[in-house]
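Residue-level structural notes
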Amino acid sequence: MDATEFRRRGREMVDYIADYIEGIEGRQVYPDVEPGYLRPLIPSCAPQEPDAYEDIMKDVEKVIMPGVTHWHSPRFFAYFPTGSSYPAMLADMLCGAIGCIGFSWASSPACTELETVMLDWLGKMLQLPEAFLAEKAGSGGGVIQGSASEATLMALLAARSRATRHLQATRPGLTEAAIMEKLVAYGSDQVVATLGTTSCCSFDRLSEVGPVCNREDLWLHVDAAYAGSAFICPEFRHLLNGVEFADSFNFNPHKWLLVNFDCSAMWVKKRVDLTGAFKLDPVYLQHSHQDSGLITDYRHWQLPLGRRFRSLKMWFVFRMYGVKGLQAHIRKHVQLAHEFESLVRQDPRFEVCAEVTLGLVCFRLKGSNKLNEDLLDRISSAKKIHLVPCHLRGRFVLRFAICARTVEPAHVQQAWAHIQTLASALLEAAQE
Ligand SMILES: *Cc1c(COP(=O)(O)O)cnc(C)c1O
């Protein structure tokens, strides 16, 4: 493919993508395929001779689309949202074109510097304490990780290394191995301190956990993977209170802030806690600026060496939406969740199972777990909408998460009417 063909195919692809998003409601939200459906549809080896582009695109509709779960359909209410917007997709194209591997400042200065500034922008949107910002050459700063899970692992490793250093400083005779086998990580059944748990979007009280951690010199990592995006709205910012006690904080703009996967924002109060744990400095990665204290080599902040130019997505999205546009997106979703909640509450056969704070409603039919499992089976077989369950204190509960960027009140109302119809049929069948 040369540049001329790329221009043509690129325009076609943009049209294909816009058609896909515009027409996504016409596609069944959850696919009909069985496990293993794909292998028989394509050759068992890569082609020796090049295939034609037209044939590849035909196969996208024939092979790929039948097996796609349409996460951006306004009938998708499963898991949590995953961010998607046109500005982010365009920025990702550019990221692919620049195609740098930004492990050090020198490996592509813009890649590093934009990331540092974007994490400051985002930190300010959330009103994070200044200690987490890199601006004004403080000791904190932010980094983009691939996922919240990676951020948690990074925090855990940094905590281990800090605890080891602290212990060795006070008791020089202790070996690292002797310390390692005694270290303890505390968590609840939701893992680390969490703002907006995955199952029901509940919140740990940082203002109670935090002072204990600080007093005992424990590393406090806070995971707000989903809920974090909402803190850009002043009315939800109080949910982040207590973050000042944390050593590290993380949330996923790729969940609810219209930035496509992957983009998990992580901040630390003390950069050296991370870089001290991961410093990797072979001579071929060194450069003349690295000890100036002015620049960041992000390879010390993460597990992999290589990293993409992911901050471009943030930059495009923040500028194209503005903080107000992003706030409007969050507010619309929260509003829709409350609308669904009130529909559930109006039907005496149902109950709401957890406080609705943001965009998630946990609900169930009053009755046995079996009854609710059967209801979910019916919803899943009908494939008109897609949602997933959770367990709350031994009870089987349905989760209705407002997900798509384009979801409107009508979709929520239709989804509820559909659930009600299936519930009526189920309850009738149960009576017979
Ligand atoms: C979604 C979620 C995660 C996992 O996020 P990844 O980025 O996929 O690792 C972790 N914690 C919470 C609370 C979540 O909601």
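The sections below set out a description of the structure shown in this document. (Residues numbered from 1 in each chain as written. Predicted model: local features only at pLDDT ≥ 70, side-chain atom pairs only at ≥ 80, totals over all residues. Heavy atoms only, no water.)

Quick notes on unusual backbone geometry
Following Phe-261, the chain continues to Asp-262 via a peptide bond in cis, the omega torsion being 0°. Along the chain, Asp-262 falls in the loop between helix 8 (253–256) and strand 5 (264–268). Look at Arg-393: it is not a glycine, yet its phi comes out positive at around 45°. With relative accessibility at 87%, the residue Arg-393 sits in the exposed group. (Helix = DSSP H or I, 4+ residues; strand = E, 2+ residues; numbered from the N terminus. Buried < 20%, exposed > 50% of the residue type's maximum accessible area, 1.4 Å probe, protein only.)

Focus: the pairing of strand 5
Among the five residues that make up strand 5, five are buried, leaving the element largely enclosed by the rest of the structure. Residues of strand 5 alternate between two faces, with Ser-264, Met-266 and Val-268 on one and Ala-265 and Trp-267 on the opposite face, all of them buried. In the sheet, strand 1 (residues 141–145) pairs with strand 5 via five bridges, with the strands oriented antiparallel. Looking at strand 5, one finds that Val-143 is bridged to Met-266. By the bridge criterion, four bridges tie strand 4 (residues 248–251) to strand 5 in an arrangement that is antiparallel. Pairing of Ser-248 across the sheet is with Val-268, part of strand 5. (Pairing = 2+ DSSP bridges.)

Description of the layout of surface pockets
The computed volume of the largest pocket comes to approximately 1000 Å³. Looking at the lining of the largest pocket, the elements with two or more residues in it are helix 5 (148–170), helix 6 (176–180) and helix 7 (206–215). In terms of residues, the lining of the largest pocket owes the most to one element, helix 5, which gives ten residues. Along the lines of polarity and charge, the residues of the lining of the largest pocket split into 23 nonpolar, five polar and seven charged. In this structure, the second largest pocket encloses a volume near 710 Å³. Around the second largest pocket, the lining comprises 27 residues; the ones closest to its centre are Thr-197, Cys-200, Cys-201, Ser-202 and Phe-203. Broken down by secondary-structure element, the contributors of at least two residues to the lining of the second largest pocket are helix 7, strand 8 (388–392) and strand 9 (395–401). Here the lining of the second largest pocket is built from residues that sort into ten nonpolar, eleven polar and six charged. (1 Å grid on protein atoms, 1.4 Å probe; cavity = no way out; pocket = protein on both sides within 12 Å on 5 of 7 lines; lining within 4 Å. Points joined across faces, edges and corners; volume = space filled by probe spheres on them. Nonpolar A, V, L, I, M, F, W, Y, C, P; charged D, E, K, R; others polar.)

Details of the nonpolar core
Counting 65 residues, the largest nonpolar core has Phe-249, Trp-267 and Leu-358 as its most contacted members. Not counting the four nearest positions on each side in its chain, Leu-358 is found in contact with Cys-201, Phe-203, Tyr-226, Ala-227, Ala-230, Phe-236, Leu-239, Trp-256, Val-334 and Ala-337. Among the nonpolar cores identified, the runner-up in size contains 31 residues, and Val-356, Leu-365, Val-407 and Val-412 belong to it. (Core = buried A, V, L, I, M, F, W, Y, C linked by side-chain atoms within 4.5 Å. Contact = heavy atoms within 4.5 Å.)

A short note on the site of the ligand
Near the ligand, the surroundings consist of Phe-80, Ser-147, Ala-148, Ser-149, Thr-194, Gly-196, Thr-198, Asp-223, Ala-225, Asn-252, His-254 and Lys-255. Ser-149 places a side-chain nitrogen or oxygen 2.4 Å from an oxygen atom of the ligand. Notes on the ligand: free accessible area 390 Å², of which the protein chains cover 77%. For the shell around the ligand, the secondary-structure elements that each account for two or more residues are helix 5 and helix 8. Across the shell around the ligand, the residue classes tally to three nonpolar, seven polar and two charged. (Near = heavy atom within 4 Å. Polar contact = N/O pair within 3.5 Å; in protein donor to acceptor, adjacent residues only side chain to side chain. Areas by Shrake-Rupley, 256 points an atom, 1.4 Å probe, with all protein chains shown as cover.)

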